[in-house]
Structures are given as C-alpha cells and as structure tokens.
Amino acid sequence: MSSITEQPTNLNYLSPLGFKFTLRRLPTVNYFCQSVDIPAISMTPINTPTSVGTLGRPGDKIVYDPLVLTFRVDEDMKNYIEMVNWLEGLGHPTSLQQTRDLSRSSPLSTPANIGSMQTLVSDATLTVLTSHKNPGLNAFFSDIFPTSQSAFRFSSMANDVE
C-alpha cells in the first residue's frame, strides 16, 4: 500500500468555533450557548498479577465525564431561571407542585405522562459545523439533566461587559 492512498481526503482542521448546541428543554439557553465540552471517555484497566509483575489489561467499564455547557445569561435572566427551576425540580423541590410544574414544562409532556422520567430529562444535539459552516456531524445526547449550576458574579468594579 502506498503512502498516497493513506492520506486523508479532507485536509481542513476542525474549528472549535463552528458548532450549534440545541437543548430541547431549554430553548433560551441555545441562543446564548458559548461552549460545550464533549465528555471525556476513560476506562480503568484491570491489573493482572503475573510472576514478573502486574500487567494492565483492558477493563470492562467505560466512564463518561459530564457534559459541560457554558452559556451567557440573558438580561432578563430567563435562561438562568429555567436552569435553576429544572435543577430544583429534580433535586430538592419545596413541594410536589414544583416537580409537577417541571414535568408539565417539558416539550414531551402529555396528560398521560406527567411526572414520568421522560418529562424530567431532555435530549440535546451538538452539531459540529464544517469549515464552510455547513452541518458536518451531529452528536446526540439523550436523557440529560443538570447536576450543578455554577455561580456568576455581579461586580461594580468591572470596566465593561465581558
């Protein structure tokens, strides 16, 4: 086999600027999305003792890091409030009504499935764009839910909006 046939057909680099993220449950977050970290994937090797030492063998359990999303907060704080309501409705609601409201706000909500897991989680799609800004690859994430919401700071010492 010659080295010419082993060359890639597309010589363009992947641009980290070319993406579109869609979170079905939170449409206001989509527009203000700044970054998405594709989860790291790891596997812990199985250590096998031998007479000459311990050898690592491929493991049997894949571990995925969390999907991390960074977004700007809009002036009305609507996207931030949507995320906090989702997190509170899942984690520690002050009443059952809070969980029911969360379930009803799902785009998949019907009278028959209020309170089901299907209405408490969401699907998301990361569309990676080509160098010509055309959709090139879609990464689908199913049944996602928030586990944390980072803080943000108001400060009168800032010179300008970053």
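If you're wondering where the values come from, they're calculated on a predicted model, not measured in any experiment.

Cut-offs applied
- Every chain is numbered independently, its residues counted from 1 as its sequence is written.
- Side-chain atom pairs in this predicted model are given and counted only at pLDDT of 80 or more, local residue features only at pLDDT of at least 70, and totals for whole chains, interfaces and linings cover all residues.
- Excluding hydrogens and water, the side-chain values take into account all heavy atoms of the structure.
- Counting from the N terminus, the helices are the DSSP runs of H or I reaching at least four residues and the strands are the DSSP runs of E reaching at least two.
- Each residue's exposure class comes from its accessible area (1.4 Å probe, protein chains only) as a fraction of the maximum for that residue type: buried when under 20%, exposed when over 50%, partly exposed otherwise.
- Here, residues are in contact when the closest pair of their heavy atoms is within 4.5 Å.
- Expected helix span is computed as 1.5 Å times (number of residues minus one).
- Starting at the helix axis, one direction is taken to each C-beta atom, and the arc is that of these directions.

Visitor: Describe the overall build of the protein chain, and please don't skip the residues or the numbers.
Guide: Within the protein chain, the secondary structure is distributed over 3 helices and 9 strands. Across the protein chain, helices and strands are ordered from the amino to the carboxyl terminus as β-α-β-β-β-β-β-β-α-α-β-β. Counting all 162 residues of the protein chain, 22% fall into the buried class. Counting contacts in the protein chain only where the partners sit at least 6 residues apart, residues at least 24 apart contribute 51% of the total.

Visitor: Give a description of helix α2 (residues 78–91) that names residues and reports values.
Guide: With 14 residues, α2 extends 20 Å from end C-alpha to end C-alpha; this agrees with the ideal 20 Å at 1.5 Å per step. Within the span of α2, buried status applies to Asn 79, Met 83, Trp 86 and Gly 89. Considered in projection along α2, the buried side chains sweep an arc of 135 degrees and stay on one side of the axis.

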